[in-house]
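Now for the letters of each chain:
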Amino acid sequence: MIDWDLNLFHSDPTLLERSDDDEYDRASRLLGVLAEPRRLKLLHALSVGEDTAQRAALWSGLDQPYAERELAGMALRGLIERRDGPGGPVYRPRDGHLIVALHVALAHGRELVGERHPRLLKRRRDEQRKVG
């Protein structure tokens, strides 16, 4: 496998292969949970270090009761981690994959329709035509 065949966010070459149906189902459920603007705002707040529901709510411009409820729900779904701190629960993203997904979604949201989007992978057929 040539280096440029791997994407920018992960070096796992199996990501270039077809996944099991269960993996697509899990990925779809994750995207469904994240496909709500206020949840994305909360995840973004956590990604920049706002680790309590109060701070995340303030940073994202949301009501604190909503932030508390949604962060607790996101923790139950395994999207973020929750631990008890001296002032109450604190939250953080579970892993970097989720933050990468957030940032890719935000970057895509900032682009206008018709703008040229960056390519992460070279098309194998195009490269094979050049060689052959």
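Each value, and the rule that gives it
- Residues numbered from 1 in each chain as written.
- Predicted model: local features only at pLDDT ≥ 70, side-chain atom pairs only at ≥ 80, totals over all residues.
- Heavy atoms only, no water.
- Helix = DSSP H or I, 4+ residues; strand = E, 2+ residues; numbered from the N terminus.
- Contact = heavy atoms within 4.5 Å.
- Areas by Shrake-Rupley, 256 points an atom, 1.4 Å probe, with all protein chains shown as cover.
- Expected span 1.5 Å × (residues − 1).
- Buried < 20%, exposed > 50% of the residue type's maximum accessible area, 1.4 Å probe, protein only.
- Arc of directions from axis to C-beta.
- Polar contact = N/O pair within 3.5 Å; in protein donor to acceptor, adjacent residues only side chain to side chain.
- Pairing = 2+ DSSP bridges.
- Patch = residues over 30% accessible without salt bridge, like charges linked within 9 Å, V, L, I, M, F, W, Y side chains within 5 Å.
- Salt bridge = Lys/Arg side-chain N within 4 Å of Asp/Glu carboxyl O.
- Lys, Arg positive; Asp, Glu negative; His and termini not counted.
- Charge placed at Lys NZ, Arg CZ, Asp CG, Glu CD.

Helix and strand counts for the protein chain come out as six helices and two strands. When its helices and strands are written in sequence order, the protein chain yields α-α-α-α-β-β-α-α. For the protein chain, contacts bridging at least 24 residues in sequence account for 47% of all contacts bridging at least 6. A total of about 9,800 Å² of accessible surface is found on the protein chain, and carbon and sulfur atoms cover 52% of it.

On to helix α5 (residues 96–110), then. The first and last C-alpha atoms of α5 sit 21 Å apart over 15 residues, in line with the 21 Å expected at 1.5 Å per residue. Those residues of α5 that fall on the buried side of the exposure criterion are Leu98, Ile99 and Leu102. End-on view of α5: buried residues confined to an arc of 100°, all on one side of the axis. Structurally, the start of α5 carries an N-cap: the backbone nitrogen of His97 is 3.0 Å from a side-chain oxygen of Asp95.

Here strand β1 (residues 80–85) runs beside strand β2 (residues 88–93); their pairing, made up of six bridges, is antiparallel. Across the sheet, the residue bridging to Glu81 is Arg92, located in β2. The turn joining β1 and β2, which pair antiparallel and follow one another in sequence, is formed by two residues.

We now examine helix α3 (residues 53–60). Because each turn of an α-helix spans 3.6 residues, side chains separated by three or four positions end up pointing in the same direction. Burial in α3 covers these residues: Ala53, Ala56, Ala57 and Ser60. Taken end-on, α3 shows its buried residues confined to a sector of 100°, consistent with a single buried face. In α3, those exposed residues whose orientation departs by more than 90 degrees from the buried face are Gln54 and Leu58. Taken together, the buried residues of α3 touch α2 (37–47), α4 (64–76) and β2.

This paragraph deals with a negative patch on the surface. A cluster of like negative charges, contributed by Asp20, Asp22, Glu23 and Asp25, occupies part of the molecular surface. Relative to the helices and strands, Asp20 resides in the segment before α1 (21–34). Judged by relative accessible area, which is 52%, Asp20 ranks as exposed.

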